[in-house]
Amino acid sequence: MRRRFVCLMACLLALSAAGCAPSPALPADLGQLVTKLNAAVSAHDETTFKTLTNGETATGIRGWVWVNLGQLSQVTFKAGRSGSLWADWRLPGDIQPISSQVGTTSCADNGCRVASLEPQSDRPAPIWLVQPLQILGDDTAILLASTSTPPADAQSWASAGQAAQQAVAGVDLGDLASWNGNLTVELPQNALAFAQVLGLASSADYASTGAVTQIEGAADSSQYPVAHIVVNPQTTANLTLDQQTLLLTHEGVHVATSGTPVAPGATWVSEGLAESVAVAVSPSTAADEQALAKASCNDGLTPPTDAAFGGTDATAQNTAYAVSQVLVGLIRSHLGAGAMTAISQLWQGQESPQVDLAAWSQAWCAS
């Protein structure tokens, strides 16, 4: 009381009450809280936003979160169960909003506020909540990198994303295609940010993974899912532009086909299709993978198991991708215009009588 009294007295003496104006009253309930949060974001009212979020327990608030929010095409906060705070958010190229848990709320006698606005330990975090963002590209191919990413590196990834989008958009994916033609690439600034975006405690299981296609929690489950490519900063720091393009083209196929679940045992079809499209932009990689697949020939080629694509053994993984790419390539070359129908059947765990991988791979191995 005394501090407030002294402040008021000083203001009166200076004839300037504005400098010591009391903070606005906090919302009385969670419904009012999210309404005021959304109004503050919509009106670009940072002062009110901070009033609602910068309490003594708001350890997750940083100045760049506010800046990031201003770069989104859409963001709507909403209250969840047990005091959780959620946001429906959309980037320029997204097909629909993504729904993410972004913090917690608390209410006391003096009203409700955001207790934390930060990545949740057990849920994927939106990229705008883990690092200050710079956004490059346009709606068809957008890159979200950290403001600390060197400009040349960010531009290289942005260029790779544009090339990948064009490569995937130019391929007939038949009824497997479930995207709007846009590609979004997220470039976390470090291993911690990468793990937070995936909702993991650690990125240790991704020691040999260049990127992941993450299917986000869509706000409307009746529509196609939203898929973003998340680049692993630990394994891609030294990639050339061509290698970046190869990686993003592969993941871009996964984005474009993310609406069709892969049947158990058919991972080789999904990965083989993505890799066959990717190596088309890199003849040297195609030759390397053919050599790797040749080394695996044993009276033909056997489709890799689902487990072959996991783990941390990079050599085993590379072999699985190479063999799958060759097998899917054989389907595409033998069946031509009808290839995608057969690939779609295999993808969904159905038989495809017109496919004879045993004979085709035996002939290929003998060539």
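Here goes a summary of the coordinates provided. No experiment lies behind these values; they were computed from the predicted model shown.

Taken in spatial order, the four strands make up an open sheet running E1-E2-E3-E4, and their pairing is antiparallel. Two strands bound the open sheet, and with one partner strand each, they are strand E1 (74-79) and strand E4 (111-117). Taking the axes of each pair of neighbouring strands and ignoring which way they run, one obtains an average angle of 35° across the sheet. Examined bridge by bridge, E1 and strand E2 (residues 84-90) share six bridges and lie antiparallel to one another. Its bridge partner lying in E2, Phe77 is registered against Ala87. Each of E1, E2, strand E3 (98-108) and E4 is contacted by helix H2 (residues 30-42), which is oriented at about 165° to E1, the strand it contacts most.

Relative orientation of the contacting elements H2 and helix H3 (residues 46-53) amounts to 150°, with a least axis distance of 8 Å. The orientation of H2 with respect to H3, classified from their angle, is roughly antiparallel. Considering how the two elements wind past one another, H2 and H3 form a crossing that is left-handed. For the pair formed by H2 and H3, the contact residues are Leu33, Lys36, Leu37, Ala40 and Val41 on the first element and Thr48, Phe49, Leu52 and Thr53 on the second. Considering only residue class, the contact of H2 with H3 consists of six nonpolar, two polar and one charged.

In the structure shown here, the tally under the stated rule is four aromatic pairs. Considering the side-chain rings of Phe194 and Tyr206, the 5.8 Å spacing of their centres and the 80° angle between planes classify their relative orientation as edge-to-face. Here Phe194, found in helix H6 (residues 191-198), pairs with Tyr206, found in the loop between H6 and strand E8 (211-216); they are 12 residues apart in sequence, far enough to count as distant. Its relative accessible area of 24% is what places Tyr206 among the partly exposed residues. Here the aromatic rings of Phe309 and Tyr321 are separated by 5.2 Å at their centres, their planes lie at 70°, and the arrangement is edge-to-face. Of the two residues, Phe309 is situated in the loop between helix H9 (283-294) and helix H10 (314-335) and Tyr321 in helix H10; the sequence distance between them amounts to 12 residues. Take Phe309 and Tyr321: they sit in the same class, and that class is buried. Directly above the ring of Trp364 sits Lys294, whose terminal nitrogen or CZ lies 4.5 Å from the centroid.

This next bit is on the side chain of Asn182. The residue Asn182 is located in the loop between helix H5 (151-169) and strand E7 (183-187) in this model. Among the polar contacts listed, one links the side chain of Asn182 to the backbone oxygen of Gly93, at a separation of 3.1 Å. If we skip the residues at most four places from it in the chain, Asn182 touches Gly93, Asp139, Thr140 and Val255.

According to the stated counting rule, one finds two salt bridges in the structure shown. Glu46 is paired through a salt bridge with Lys50; the nearest N and O atoms lie 3.5 Å apart. In this pair, Glu46 and Lys50 both sit in helix H3, four residues apart, roughly one turn of the helix. Residue classification places Glu46 among the partly exposed positions, given a relative accessible area of 29%. Using a relative accessible area of 39% as the deciding quantity, one classes Lys50 as partly exposed.

Quick look at the sheet that holds E7 now. Spatial ordering of the open sheet is given by E5-E6-E7-E9-E8, a layout of five strands whose pairing is mixed. Strands with a single pairing partner mark the edges of an open sheet, and in this sheet they are strand E5 (133-138) and E8. For this sheet, the mean inter-axis angle between neighbouring strands, taken without regard to orientation, is 25°. Where E7 lies against strand E9 (residues 226-231), two bridges are found, and the strand directions are parallel. Residue Val185 lies in a different strand from E9, and its bridge partner there is Ile229. Running over the sheet, H5 touches E5, strand E6 (141-146), E7 and E9 and is turned about 155° from E6.

It is worth spelling out the nonpolar core at this point. One finds Leu69, Phe77, Leu117 and Trp128 to be the most contacted residues of the largest nonpolar core, which totals 39 residues. When residues in this core are grouped by element, the largest group, five residues, is from H2. Leave out the neighbours within four places in its chain, and Leu69 touches Val41, Phe49, Val75, Phe77 and Trp128. Grouped together as the second largest cluster of nonpolar side chains are 33 residues, Trp268, Ala274, Leu327 and Ile331 included.

Scoring rules and cut-offs
- Residues numbered from 1 in each chain as written.
- Predicted model: local features only at pLDDT ≥ 70, side-chain atom pairs only at ≥ 80, totals over all residues.
- Heavy atoms only, no water.
- Pairing = 2+ DSSP bridges.
- Helix = DSSP H or I, 4+ residues; strand = E, 2+ residues; numbered from the N terminus.
- Axes fitted to C-alpha atoms, helices over the stretch in contact; angles between N-to-C directions.
- Contact = heavy atoms within 4.5 Å.
- Parallel < 35°, antiparallel > 145°, perpendicular 65-115°, else oblique.
- Left-handed = near helix turned anticlockwise from the far one by under 90°.
- Nonpolar A, V, L, I, M, F, W, Y, C, P; charged D, E, K, R; others polar.
- Phe/Tyr/Trp six-rings, centres within 6.5 Å; stacked < 30°, edge-to-face > 60°.
- Buried < 20%, exposed > 50% of the residue type's maximum accessible area, 1.4 Å probe, protein only.
- Lys NZ or Arg CZ within 6 Å of the ring centre and 35° of its normal.
- Polar contact = N/O pair within 3.5 Å; in protein donor to acceptor, adjacent residues only side chain to side chain.
- Salt bridge = Lys/Arg side-chain N within 4 Å of Asp/Glu carboxyl O.
- Core = buried A, V, L, I, M, F, W, Y, C linked by side-chain atoms within 4.5 Å.

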